[in-house]
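For reference, the chains in residue letters:
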Amino acid sequence: MKALRDSVVIKQVQMESNSAYVQLFCTAWIDQSVYETHYFYTMEQFNILLNELSARELELDFDNFKTVVLAEDEEIYSLDLGEDAIILPFYCMPEQSLAMIA
């Protein structure tokens, strides 16, 4: 369990066509507690996360996003990572990166 301390497992990525936010469904190990949580990121923060993944030679397969049409002008794009869930140290998450920059 020590290896997962202060880590985040990203399990699903979801975006809406008419929204400026990305939602991540995650499991977070912070201190000695485990949380099922959702992170909401702006596109700028999501780009920071994509850069972090790229630096670690990890990629999200955007071709595998599933599209759900809610209305004529509204769609949801969802990527379930399943067995390819991404584990990152908590300090790599965008809000932590922005705090370190400031």
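Residues numbered from 1 in each chain as written. Predicted model: local features only at pLDDT ≥ 70, side-chain atom pairs only at ≥ 80, totals over all residues. Heavy atoms only, no water.

Enquirer: So, the nonpolar core: which residues are in play, and what are the values?
Expert: Grouped together as the largest cluster of nonpolar side chains are 22 residues, with contacts concentrated most on Ile-10, Val-13, Leu-24, Tyr-39 and Met-93. Taken together, the elements giving at least two residues each to this core come down to strand E1 (7–16), strand E2 (21–30), strand E3 (33–42), helix H1 (43–55) and strand E6 (86–89). Excluding anything up to four places from it in sequence, Tyr-39 contacts Val-8, Val-22, Gln-23, Leu-24, Cys-26, Ala-28, Phe-90, Met-93 and Glu-95. (Core = buried A, V, L, I, M, F, W, Y, C linked by side-chain atoms within 4.5 Å. Buried < 20%, exposed > 50% of the residue type's maximum accessible area, 1.4 Å probe, protein only. Helix = DSSP H or I, 4+ residues; strand = E, 2+ residues; numbered from the N terminus. Contact = heavy atoms within 4.5 Å.)

Enquirer: Lay out the pairing of E2 in plain terms, naming residues and giving numbers.
Expert: If a strand is regular, its side chains alternate between the two faces of the sheet. Of all 10 residues that make up E2, 7 are buried, and the element is covered over most of its length. Two strands pair when backbone bridges link them, and E1 and E2 are joined in this way by 8 bridges, in the antiparallel orientation. In the strand pairing of E2, Met-15 is matched with Val-22. Taken together, E1 and the strand that follows it, E2, pair antiparallel across an intervening segment of 4 residues. Where E2 and E3 come together, 10 bridges link them in antiparallel fashion. (Pairing = 2+ DSSP bridges.)

Enquirer: Mind laying out the packing of aromatic side chains, listing which residues take part and the relevant values?
Expert: For the coordinates displayed, the defined rule picks out 2 aromatic pairs. Aromatic side chains Tyr-39 and Tyr-41 sit 5.8 Å apart centroid to centroid with 10° between the ring planes, which places their arrangement in the stacked category. Judged by its relative accessible area of 12%, Tyr-39 is buried. Aromatic side chains Phe-62 and Phe-65 sit 5.3 Å apart centroid to centroid with 10° between the ring planes, which places their arrangement in the stacked category. (Phe/Tyr/Trp six-rings, centres within 6.5 Å; stacked < 30°, edge-to-face > 60°.)

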